[in-house]
Every structure is written in C-alpha cells, then in structure tokens.
Amino acid sequence: MKTLLPLALASAWNRRLSLALSVFSIALAVTLLIAVTRIRDAAQTSFAQAAAGVDLVVGPRGSPVQLLLHAVFHLGEATHTMRWQSYRTLAADPQVAWSIPLALGDSHRGFPVLGTTPEYFRHLRYGQQEPLGFFSGQPFSGLFEAVVGAEVADRLGYRLGDLITLRHGSAHLDELEDRHPHGAEHADKPFRITGILLPTATPVDRTIHVSLASLEAIHLNWQGGLPLPGLDIPPQLATKFDLTPKTLDAVLIGLHQRTDAFRTQRQIADFTGEPLMAILPSLAMDELWQLVGSVERSLHGLAWLIVGVGLAGMAAVILASLGERRRELAILRSVGAGPGHIVALVMLEGGTLTAVGLLTGLGLVEGAGYLFAPLVNARLGLDLSTNAFSAEELRLIAGIFATGLLTSLLPGWRASRMSLADGLVPRL
Amino acid sequence: MRVLDAIIRIRDLSFTWPGSRRPCLSQLALDVNRGERLFVHGESGAGKSTLLNLIGGVMLPERGYIDVLGRPLGKLSSSNRDRFRVDHTGFIFQQFNLIPYLSVLDNVLLPCRFSTERARRTGGSASAEARRLLAALDLDPRLAHRPAASLSVGQQQRVSAARALIGRPELILADEPTSALDPRRQAVFIELLMGEVTANGGTLVFVSHDQRLAPLFDRCIELLAQ
Ligand SMILES: Nc1ncnc2c1ncn2[C@@H]1O[C@H](COP(=O)(O)OP(=O)(O)O)[C@@H](O)[C@H]1O
Ligand SMILES: [Mg+2]
C-alpha cells in the first residue's frame, strides 16, 4: 500500500483533466445528498421542537396543516379569522389551563410580527419542554412595546430601547419594500424594544412579539390594508380607543389533563358560535411531515441516484483510461506488480477520486451552509448547523466512499486481466 | 564447470497463441548458462517476444518445461511466479519502457518497490545504487529528477537498462532494446549494457531481428518462424 499510493496518485495526477470532471460530478452529487439529508434532519428537529408544550391549536375551520403552519411557523396568510369572543369562551373552559391568543399579519424587515399576551412568555415551551428565557429585558407590558427573538436581535443588531416600525402585511423579503415604497409602513407609531429572547432554534427566534392592543392601535386609522387618507391618530391618543381586538388568527391551548385533548378537540369542533377547529400539534406535525416527507424521500432517492451516476461516471472514466495505460500497466507488471497490485492501484485511484469528491462536496455544503444558513434559519426556522456530521451523516459518507471503492473494483479487475493478457512485452 | 551451470533449461517447449492455427513455438530446447550473453535472432513474428514472455513466466507453455535457476516455472503458483520474476529477472523492451510521469530515479527504483529481495541486494541504499547505475550507463546525473517523458529515446533505453539491472537480478531479458536507436548508438548501448551485466554477474538474453548485432555476443541462436 505504501508503495502503491504514491504511484496511484502520480498516475492520476498525470490524467488530472479527465479525472477532475468526474471528481466534480461526484462532488456535486455528494453536495446534493448531504444537503438534502441535513435539511431533512433540521426540519424534523425543528418540527419536533416548535410546538412543545402546546396541547391544542385552535383556529378557524380549514386545513389543519395550514393552521399549523400559520400559528406555529408564522408562514402563509390566514384566509379566515376567529372572533375574540370565541377565545374568551374557550379560555373560560374548566379543562383549559392556559390559552394564548395569536394575531398575525404584520412584519418588520421580513420577520413576522405576532400579537399576543404576556402569557405567551410564561407558557410556551421549546425543545425538551424548556420555557422561553430572556437574554435581556422583560415581556411587553404597555402599548408600542416589542419583545424580539434572538435571531431578529442578532441579524438586525437590536438592543433594548431601540425603536422599530412595523410594516403592514407579511412581506417576507426586504426587497418587497422597494415595490411598496409608501403607505404600507406604520411609521407613525414606532415600537420600543423591551425584551430580547434567548435563542430556541424555533420560529420564536425570528418573531417580533407585541401586545394585541398595540396591533389594534396601529391599525386604528387603517382600512383594507391602507391608511385612511387625512386621518391621523397620534400614539398618545390611541389609548382613548377601545383596543380589544375583534379577530384573532389562532389560539394556543394548554390543558389541565393532556389526556383530555381528543375530547376537547371534539367539543371545539362542535362549537356553536362559529366554525372552529382544534388540532393536536404532534398529529398535525406528523401529517405535515408526511407531506414534506414524501418530497424529501423522493429527493433523497434522486440524490442517491445522482451519486450513483457520479460513481458510475468515475468507473467509466477509469475504464476508458485503461486503453492509454496499457503500457504503463505492462511495465508495472514487468517490474514485479502482481494482479493484486494492479487491482489495488486502480482501486486506490477510485478511492482517491471518491474521497476528493466527498471532501469537495462537504466543502461545498459547508460553504453553502455558511452563506445560506442564516437565510434558511430566518425564512424557514431551520437550524442547519446542529445536524452537521451526525452519526448518520458519517455513515452516509462512509457508505459513499465504500461504494466508490467497490465501483472501481470493476475497472481494477479489468486492468489486472488486461495487463496479464498483454504479457510483459507491451504491445500497441 | 561453468558451462554446465545452466540458468535457463528449456525442453520440448511448444506454444500456440489462442485463436492461432499454427504453433508459435514448437519442440524448442535451449540451455543458457550462468554468465552467458546470448543473442537470439529471428525475423519479426518468429516468436522472440513470446519466448521471453515464457521465460519470464508470464505465460505457461502448452507443452514441455522451462526451468529458471533450477525452478520449474510451471510448478509455481501464479503469485509465486510474479514474485520469482521480479526477484530474479530484469526486463528491457524495445521502447516506451518508462512510466512517463515518474522521474528517472523513480523509474529505476520501481523493482525495489515491489521486491524486497531486489532492494536488499542493492546493498543498503537503493537510490545510491540507482545513481551509480545511471552514471555507469553514461547518463547525465542531472537528469535523475527529470520526468522520464522528457528524455530522448537513447537516454530512455539507458534508464530502462539501469532499472533492469538494479538489485542484481540473475537474468536480464532484453526485447529488441536497440531497435529504436541509430546503428552507432546501438553498439554503444550494447557495450554499456553488457559491461554492467558482467560486472553484476548476470546472464543476458538479448533478442533482435537485426543480425548485425550478433558478433557482440558470446553465442547466437536463430529462432525460425513456424
Ligand atoms: N497477444 C497475442 N495474441 C495472439 N497472437 C499473438 C500475440 N502476440 C503475438 N502473437 C503472434 O505470435 C507470433 C509471434 O509473435 P512475437 O513473439 O511477438 O514475435 P517477434 O517478437 O519475434 O516479432 C506472431 O505471429 C504473432 O501474431
Ligand atoms: Mg517482438
């Protein structure tokens, strides 16, 4: 082995141009496979952690998955809302331990703004049932106060006391601002940051939390998504109005007895005031995961297929190179290389190409992760870094390497046959 | 006494290439003595290269037997034949003897990488012995680290002679090593080669279609096309 590796490397280096292409295709295939795996793992973890501690999510009747996406991940637009009065009724139910009303729809520089009550910080859990913690400051208490998630504070460099303005509508990209230069900004009523949360690796990190009353207040002079012309209500006057919200997007509920979840769910489905539904987050997560999962599985299958194509391409390139290496192999045979040496030589080449492809691919994944992880985290709430180089990923890498070695067994065997049949005296 | 000490004994040797109707070699008998420098002459296609392949143990005869150094090649397993070949035989081919991307020195050292016996017999430093051989074969020492591909054909043949000679194998098999050289260089090359073979106490079997080289050798035999 010690003698063969330098030989294999020198020989491969001599043919580096044609080999570089097959390394490149292996690298891209590996990039795809690892990226798909990492995104899947991150999604799964994030899914599992996002709604820890919530027993039921209640919202207007419709698609459970959509309600989940909206209430937990703050994704998508609500097509219907539920009445404030329905929330009051639910909250008064003796089975309900706590309930958190949610109102969405505004954003700040691409981050969703969530209107809720201070109960949110007391009851919401993440990960292994851990409560939310404050990096600094405290929950909002009055009007025009905001608590920002760790990611928001980090990305936008916010500190306690900073003033921010909210934007009407859930513009997810900063670029959208260019298309609506005027009108959509609640510039007249800035919010003061009173708290910054600790990171949770859940959608909380990229959410700006304000009170429901504040949300009412900034929309006092708005109608149908636009400010009413000529009607200005300064912040200090807002308190003169009734700031109880009329509608909500969803309510998170914790029960005294977890086992009551199904019964409560049925009761909410039969709610007489308006058509409502309650979902069990863990079940809806599973459903959502099924949805994402089938895409993920086919992507994963496709990625493996592409890795297979990459490795087969490598075997083909090595096989094709044997023609021009006839003489080289015959010379090696004449100076004492046995058929086993020749097989090993070709397999070392295949192994080296696969390894270089793997490393390049991992480098690309890491590089892309470095560049895009913050974006993916902000947009999708996925933490791509936690699953890097997990046991499964290492198994995957080892599997690809072994497949590469195994694939080069074919040209290796061919080379050993060829050099023997050619004899020691090389022929054209 | 020396005359009876045969290093190669061939008896009743026949060989037919697969797919060929006529035998390439038939009923061949040959003894080569230790220290002898034998010239095998024959037209192109007479089977000279085939004979060298058989002596080298790459192929086995269809009939008859070949002993090299008292060992019947046909009775060795194929991996033992590989081992035996590199330990005791050096090859020089007509051309393209060298691995183009390796340096001159690395080309010469190849047999020592595959055979501990050859490495041992260099007397300690294989690369010092390689440099000695290159110098003895009249090659500029500055070429040692140049890639083999950058050498002229004449220089390449001297490098391949050094490679065949390193580690003092008992037998040197040369397959038309001078065919690509002009007549003046042919003689110079053969003189240098034979000088080193003799200094190493080796035996040389040199095949060529060019009968004019015959007087340079101890003995000459002719291989006739079948
Ligand atoms: N690998 C081979 N397969 C089939 N026939 C071969 C092969 N090598 C040589 N021959 C045949 O064997 C005969 C002798 O070839 P060779 O030993 O190369 O002759 P020489 O070296 O004297 O020119 C030729 O007729 C040639 O066609
Ligand atoms: Mg020949």
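1. A look at the site of ligand 1
Line of reasoning, step 1. Lining the immediate environment of ligand 1, one finds 11 residues, of which Trp17, Gly45, Lys48, Ser49 and Thr50 of chain B sit closest.
Line of reasoning, step 2. Positioned at a junction of chains, ligand 1 has nearby residues supplied by chains A and B.
Line of reasoning, step 3. Here Gly45 of chain B contributes a backbone N or O atom positioned 2.7 Å from an oxygen atom of ligand 1.
Line of reasoning, step 4. In isolation ligand 1 offers 560 Å² of accessible surface; the protein chains occlude 66% of this area.

2. Some points on the side chain of Asn107 of chain B
Residue and element names in this part refer to chain B.
Line of reasoning, step 1. By the element assignment, Asn107 lies in helix 3 (residues 104-114).
Line of reasoning, step 2. Judged by relative accessible area, which is 0%, Asn107 ranks as buried.
Line of reasoning, step 3. Apart from residues lying up to four places away in sequence, Asn107 is in contact with Leu98, Ile99, Leu102, Ala148, Val159 and Arg163.

3. So, the environment of Ser298 of chain A
All names here are of chain A.
Line of reasoning, step 1. Examined against the element boundaries, Ser298 turns out to sit in helix 11 (residues 281-334).
Line of reasoning, step 2. On the basis of relative accessibility, which here comes to 47%, the residue Ser298 falls in the partly exposed class.
Line of reasoning, step 3. Sequence separation between Ser298 and Met285 is 13 residues; the distance between their C-alpha atoms is 19 Å.
Line of reasoning, step 4. In this structure the side chain of Ser298 is engaged in a polar contact, spanning 3.0 Å, whose partner is the backbone oxygen of Val295.

4. Here we look at the nonpolar core
Line of reasoning, step 1. Counting 71 residues, the largest nonpolar core has Leu332 of chain A together with Ile10 and Val205 of chain B as its most contacted members.
Line of reasoning, step 2. Ranked by residue count, the leading element in this core is helix 11 of chain A, at 9 residues.
Line of reasoning, step 3. Core analysis: the next-biggest nonpolar cluster, separate from the first, contains 39 residues, Val58, Val152, Ala153 and Ala238 of chain A among them.

5. Overview of the sheet that holds strand 2 (residues 25-33) of chain B
Residue and element names in this part refer to chain B.
Line of reasoning, step 1. Spatial strand order, 2-1-4-5: 4 strands in an open sheet with antiparallel pairing. For this open sheet the edge positions go to strand 2 and strand 5 (71-72), each flanked by a neighbour on one side alone.
Line of reasoning, step 2. Relative to strand 2, strand 1 (residues 6-15) is paired through 6 bridges, and the arrangement is antiparallel. Its bridge partner lying in strand 2, Ala6 is registered against Asn33.
Line of reasoning, step 3. The sheet strands contacting helix 1 (residues 48-55) are strand 1, strand 2 and strand 4 (63-68), and the helix crosses strand 1 at an angle near 120°.

6. A few points about the interface of chain B and chain A
By a widespread convention, an interface's size corresponds to the accessible area lost as its parts come together.
Line of reasoning, step 1. Every contact between the two is made by 22 residues of chain B and, on the other side, 25 residues of chain A.
Line of reasoning, step 2. Here chain B packs against chain A, burying approximately 2,200 Å² in sum over the two surfaces, 68% of which is carbon and sulfur.
Line of reasoning, step 3. Counting across the chain B and chain A interface gives 1 salt bridge.
Line of reasoning, step 4. Measuring nitrogen to oxygen at the nearest pair gives 3.5 Å for the salt bridge that ties Arg333 of chain A to Asp82 of chain B.
Line of reasoning, step 5. There are 3 residue pairs in polar contact (both at pLDDT 80 or more) connecting chain B and chain A.
Line of reasoning, step 6. Mapped by element, the contributors of at least two residues to the side of chain B that touches chain A are helix 1, helix 2 (78-88) and helix 3 of chain B.
Line of reasoning, step 7. For the side of chain B that touches chain A, the leading source of residues is helix 3 of chain B, giving 4 residues.
Line of reasoning, step 8. Broken down by class, the residue content of the side of chain B that touches chain A amounts to 13 nonpolar, 4 polar and 5 charged.

Thresholds applied
- Residues numbered from 1 in each chain as written.
- Chains lettered and ligands numbered in written order.
- Predicted model: local features only at pLDDT ≥ 70, side-chain atom pairs only at ≥ 80, totals over all residues.
- Heavy atoms only, no water.
- Near = heavy atom within 4 Å.
- Polar contact = N/O pair within 3.5 Å; in protein donor to acceptor, adjacent residues only side chain to side chain.
- Areas by Shrake-Rupley, 256 points an atom, 1.4 Å probe, with all protein chains shown as cover.
- Helix = DSSP H or I, 4+ residues; strand = E, 2+ residues; numbered from the N terminus.
- Buried < 20%, exposed > 50% of the residue type's maximum accessible area, 1.4 Å probe, protein only.
- Contact = heavy atoms within 4.5 Å.
- Core = buried A, V, L, I, M, F, W, Y, C linked by side-chain atoms within 4.5 Å.
- Pairing = 2+ DSSP bridges.
- Axes fitted to C-alpha atoms, helices over the stretch in contact; angles between N-to-C directions.
- Buried area = accessible area lost by both parts, 1.4 Å probe.
- Salt bridge = Lys/Arg side-chain N within 4 Å of Asp/Glu carboxyl O.
- Nonpolar A, V, L, I, M, F, W, Y, C, P; charged D, E, K, R; others polar.

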